[in-house]
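# Chain and residue survey
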Amino acid sequence: GISGAVIGSLGTLAGQWQVHRLKVKTEKSKDEPRRKLLIKMLESDKNEWRNLETLSHVIGADSEKTKSLLIEIGARASEDGKELWALIKNKPLN
C-alpha cells in the first residue's frame, strides 16, 4: 500500500514537472522574436529613449512582460520616473 502511494506520488510529480518544462520551453520560443524586435527598435534610435507603451504595443505584450524582456536584453528605464527605455550600452548610468 505505501509503496503504491509513493510510486503514484512520484508519477504525479514527474508529470507535473514535464508539463511545467513544456510550458517554459513554449514561452521562451514565443518570447525570442519579441526580444529581437525590442533590440531592433532600441538600436535604431541609439540616442533616443523609447516609450514603454509603444514597445509593448509593437511586440504584442503587456507592460510587465515587456519590462521583463527589456531587462533580459540589457535595457534600462529612465531615471526620471517616465516610462522610457533604452539599451544600457547606449544610455549607461553615470
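What comes next is a walk through the structure. Every residue gets a number counted from 1 within its own chain, in the order that chain's sequence is written. Confidence filtering applies because this is a predicted model: local features only for residues at pLDDT of at least 70, side-chain atom pairs given and counted only at 80 or more, and all residues used for totals across whole chains, interfaces and linings. To obtain the side-chain values, all non-hydrogen atoms of the structure were used and water was disregarded.

## Remarks on the pattern of salt bridges
When a carboxyl oxygen of Asp or Glu lies within 4 Å of a side-chain nitrogen of Lys or Arg, that pair is called a salt bridge. One pass over the structure, following the stated rule, counts 7 salt bridges. For Lys-65, the salt bridge identified is with Asp-31, shortest N-O distance 2.7 Å. Linking Lys-65 in helix H3 (residues 63–72) with Asp-31 in helix H1 (residues 2–44), this pair joins segments that are 34 residues apart in sequence. When a residue's accessible area, from a 1.4 Å probe over protein chains only, is under 20% of the maximum for its type it is buried; when over 50% it is exposed; and in between it is partly exposed. A residue is classified by how much of its surface remains accessible, and Lys-65, at 23% relative accessible area, is partly exposed. A salt bridge links Glu-72 to Arg-35; the nearest nitrogen and oxygen atoms lie 2.7 Å apart. Of this pair, Glu-72 sits in helix H3 while Arg-35 sits in helix H1, placing them 37 residues apart in sequence. Taking the relative accessible area as the measure of exposure, Glu-72 reaches 46% and is therefore partly exposed. Judged by its relative accessible area of 14%, Arg-35 is buried. Note on conventions: DSSP H or I runs of at least 4 residues are helices, E runs of at least 2 residues are strands, and numbering of each starts at the N terminus.

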